[in-house]
Amino acid sequence: MKNTWIKLREKLSESLNAVLPIIGIVLVLCFSIAPISPSILLCFLMGAVLLIAGMMFFTQGAEMSMSPMGERIGSAMTKSKKLWFVVLLSFLLGFIITISEPDLQILAQQVPSIPSMALILAVAFGVGVFLVIALLRMLFGIALPALLIVFYLLVFGLTLFVPKDFLAVAFDSGGVTTGPMTVPFIMAMGVGVAAIRTDRHAADDSFGLVSLCSIGPILAVLILGMIYHPEGSAYIPPSIPEINSSTELWALFRVGFPTYIHEIALSLLPIIIFFGVFQVTILKISRRKLLRIMVGLGYTYIGLVLFLTGANVGFIPAGNYLGQVMAGLPIRWVIVPVGMIIGYFIVRAEPAVYVLNKQVEEITDGAIPAGAMGASLSIGVAVSLGLAMLRVLAGIPILYFLIPGYAIAIGLSFFVPKIFTAIAFDSGGVASGPMTATFLLPFAQGACIAAGGNIVTDAFGVVAMVAMTPLITIQVLGMAYKLRKCHSEKKLSALTPAMAFEMLDDDAIIEL
């Protein structure tokens, strides 16, 4: 119990470090160039408190439950050595977890013209199929760059046949699918599957599942767009709350809590049932470890309820209104650098980013520190938001950014270590989580309304932009790592034995 409280205090500190910069930026904007009503500001601050508490519980719960569950299921599937069993279970798992993903529910509610359930089922089917492909890639050691080229050529080829009003939504769906529910589980599955392999590329191939699972939804939704033809869709902006007292503020959030208590329970239930069946039939985990996983699931549940209530009730209206105010300024171009600053800090508040950074540091034995990963992701998302705001103001088609962006990312994959490519393409899906869907997307929509743009073509696509730029920045980090390693090896090879002996410390000399 004592260790749990120590861990929770650590998670609280991490949550504060992630969310406080966003609160500070919004407050500076509100008290300077972008004044907003007291009602919206109070909602935002209340939402931020819930966000901090939610992140604290979620990150603790993910460590205790989602990651161990994913690793054990991945190992058990691989040990069975039955290909049909791996294919069937990975498809079902991908389908179930995607339907459970809160980010997808949020996006589906904001997409006009397409029934929410049709969108959700199409995306879930796409993730299920591509989780099968991702696991087969790991089992047979197929190179990731080759698969990425084939599938992204297919994606961009399909864009020629889909109404332009639907392109941004399709690419956004790939980003929101890999959120706080999906990422810890799928990434841990990759670690579990890789643990069975004994070759030297096993650790490299443990990443890459999220990147391939992000492609499936894009393909599925593009095909859905060809069926529904959603031109001229009407967009309904979120309602802006008006609060006259503290009791009305609490009432606003109190109404929101039952919705997310029910929604997250339905989201977690299929995963718990799936794991329960595995536990009874195959895993047979000890009672102590099982109890720890159940406690972790409780933390995960509490964390997601608090996080999504704060984000949806407090952040969506604030993001939308702030975007409207800033794009309505005489110097509206200022929204570009402001968007970049918000993007730099907001990615740190994504729950799944923390899971990715920690897992990368552990798998690489500290060769890729969590701090370096976090900085690279922040830079990538900052660039994303700057470009996204430029799109909103100028009405530039999203493919003008996505085609060259993915071409650069895939081109870099042939020059950097394999593990950096897999991590980079995973990080794109991870960076575009609930904070993007509940603050940045409404921020872009509000700016688009004020700028007189087309919401469906210009505002949607923020998630896709956020998912794209980390692919480049993480691989640039990999290039720097490779060059530094080559430089170190050259220096070592140039040393004489006497010089190398002089560089050793006392402990190393004693060991020799």
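Remember, it's a predicted structure, so these values are computed and weren't measured experimentally.

A. Structural detail: the overall build of the protein. Counting its secondary structure elements, the protein contains 22 helices and zero strands. Relative to its full complement of 512 residues, the protein shows a buried share of 58%. Restricting to contacts in the protein with at least 6 residues of sequence separation, those with at least 24 account for 86%. A total of about 20700 Å² of accessible surface is found on the protein, and carbon and sulfur atoms cover 69% of it.

B. Main features of the confidence of the model for the protein. For the protein, the mean per-residue pLDDT works out to 82, and 89% of the residues sit at or above 70. The weakest mean pLDDT in the protein belongs to helix H22 (residues 506-511) at 51; the strongest belongs to helix H16 (residues 399-412) at 92.

C. Local environment of a nonpolar patch on the surface. A contiguous nonpolar patch, built from Leu12, Leu16 and Leu20 and spanning about 220 Å² of accessible area, is present on the exposed surface. With respect to the helices, strands and loops of the structure, Leu20 is situated in helix H1 (residues 2-30). The class of Leu20 is partly exposed, set by a relative accessible area of 45%.

D. Looking closely at the pattern of salt bridges. Counted by the stated rule, this structure contains one salt bridge. A salt bridge links Glu63 to Lys11; its shortest N-O distance comes to 2.7 Å. On the criterion of sequence distance, the pair formed by Glu63 in helix H2 (residues 38-79) and Lys11 in helix H1 is long-range, its members being 52 residues apart. Residue Lys11 is classed as buried on the basis of its relative accessible area, which comes to 2%.

E. Unusual backbone geometry, seen in detail. Positioned with a positive phi, Lys284 is a non-glycine residue whose angle comes to about 55°. Residue position: Lys284 is located in the loop between helix H11 (246-283) and helix H12 (287-327). Judged by its relative accessible area of 55%, Lys284 falls in the exposed class.

F. Fine view of the packing of H11 against H12. Between H11 and H12, the least distance of the axes is 8 Å, while the angle of their chain directions is 150°. The hand of the H11/H12 crossing is right-handed. By residue class, the composition of the contact of H11 with H12 is 19 nonpolar, six polar and no charged.

G. Spotlight on H12. With 41 residues, H12 ought to run about 60 Å at 1.5 Å a step, and its terminal C-alpha atoms sit 56 Å apart, in line with that. The principal kink in H12, of about 40°, is found at Phe315, preceding the proline Pro317 by one to four residues.

H. Spotlight on the environment of Cys43. Structurally, Cys43 can be placed in helix H2. Look at Cys43 and you get buried, because its relative accessible area is 1%. A C-alpha to C-alpha distance of 8.1 Å links Cys43 and Pro241, two positions 198 residues apart in sequence. Those residues in contact with Cys43, other than ones at most four positions away along the chain, are Pro241, Ile243, Leu249, Leu252, Phe253, Val313 and Gly314.

I. Main features of the packing of helix H6 (residues 144-158) against helix H17 (residues 418-431). Here H6 crosses H17 at 40°, and the two axes come no closer than 10 Å. One way to sum up the angle between H6 and H17 is to call them oblique. Residues Leu144, Pro145, Leu148 and Tyr152 of H6 touch H17, and the partners they reach there are Thr421, Ala422 and Phe425. Per-class residue counts for the contact of H6 with H17 are six nonpolar, one polar and no charged.

J. Examining the side chain of Asp172 more closely. One can find Asp172 in helix H7 (residues 164-177). As a buried residue without a salt bridge, Asp172 has its nearest oppositely charged side chain in Arg391, at a separation of 7.2 Å. Reaching out from Asp172, the side chain makes a polar contact with the backbone nitrogen of Gly461 at a distance of 2.7 Å. When sequence neighbours within four positions are dropped, the list of residues in contact with Asp172 reads Leu107, Phe460, Gly461, Val462, Val463 and Ala464.

K. Inspection of H6 at higher detail. A rise of 1.5 Å per residue sets the reference length of H6, with its 15 residues, at 21 Å; its end C-alpha atoms lie 21 Å apart and thus fit the reference within 8%. Every buried residue of H6 is listed here: Leu144, Pro145, Leu147, Leu148, Phe151, Tyr152, Val155, Phe156 and Leu158. Along the long axis of H6, the arc covered by the buried residues comes to 150°, so they all point the same way. Facing away from the buried surface of H6 by more than 90 degrees, the exposed residues are Val150 and Leu153.

L. Looking closely at the side chain of Ser15. With respect to the helices, strands and loops of the structure, Ser15 is situated in helix H1. Owing to a relative accessible area of 1%, Ser15 belongs among the buried residues under this scheme. At a separation of 3.2 Å, a polar atom in the side chain of Ser15 contacts the main-chain amide nitrogen of Met56. In this structure Ser15 touches Ile52, Met55 and Met56, once residues within four positions along its chain are discounted.

M. Structural context of the environment of Gly174. Relative to the elements of secondary structure, Gly174 occurs in helix H7. Among the residues examined, Gly174 registers a relative accessible area of 4% and is labelled buried. Filtering out sequence-adjacent residues up to four positions away, Gly174 remains in contact with Ser214, Pro217 and Ile218.

About the cut-offs
Residues numbered from 1 in each chain as written. Predicted model: local features only at pLDDT ≥ 70, side-chain atom pairs only at ≥ 80, totals over all residues. Heavy atoms only, no water. Helix = DSSP H or I, 4+ residues; strand = E, 2+ residues; numbered from the N terminus. Buried < 20%, exposed > 50% of the residue type's maximum accessible area, 1.4 Å probe, protein only. Contact = heavy atoms within 4.5 Å. Areas by Shrake-Rupley, 256 points an atom, 1.4 Å probe, with all protein chains shown as cover. pLDDT = per-residue confidence, 0-100. Patch = residues over 30% accessible without salt bridge, like charges linked within 9 Å, V, L, I, M, F, W, Y side chains within 5 Å. Salt bridge = Lys/Arg side-chain N within 4 Å of Asp/Glu carboxyl O. Axes fitted to C-alpha atoms, helices over the stretch in contact; angles between N-to-C directions. Left-handed = near helix turned anticlockwise from the far one by under 90°. Nonpolar A, V, L, I, M, F, W, Y, C, P; charged D, E, K, R; others polar. Expected span 1.5 Å × (residues − 1). Bend = angle between axes of the 7 residues up to and from the residue. Parallel < 35°, antiparallel > 145°, perpendicular 65-115°, else oblique. Lys, Arg positive; Asp, Glu negative; His and termini not counted. Polar contact = N/O pair within 3.5 Å; in protein donor to acceptor, adjacent residues only side chain to side chain. Arc of directions from axis to C-beta.

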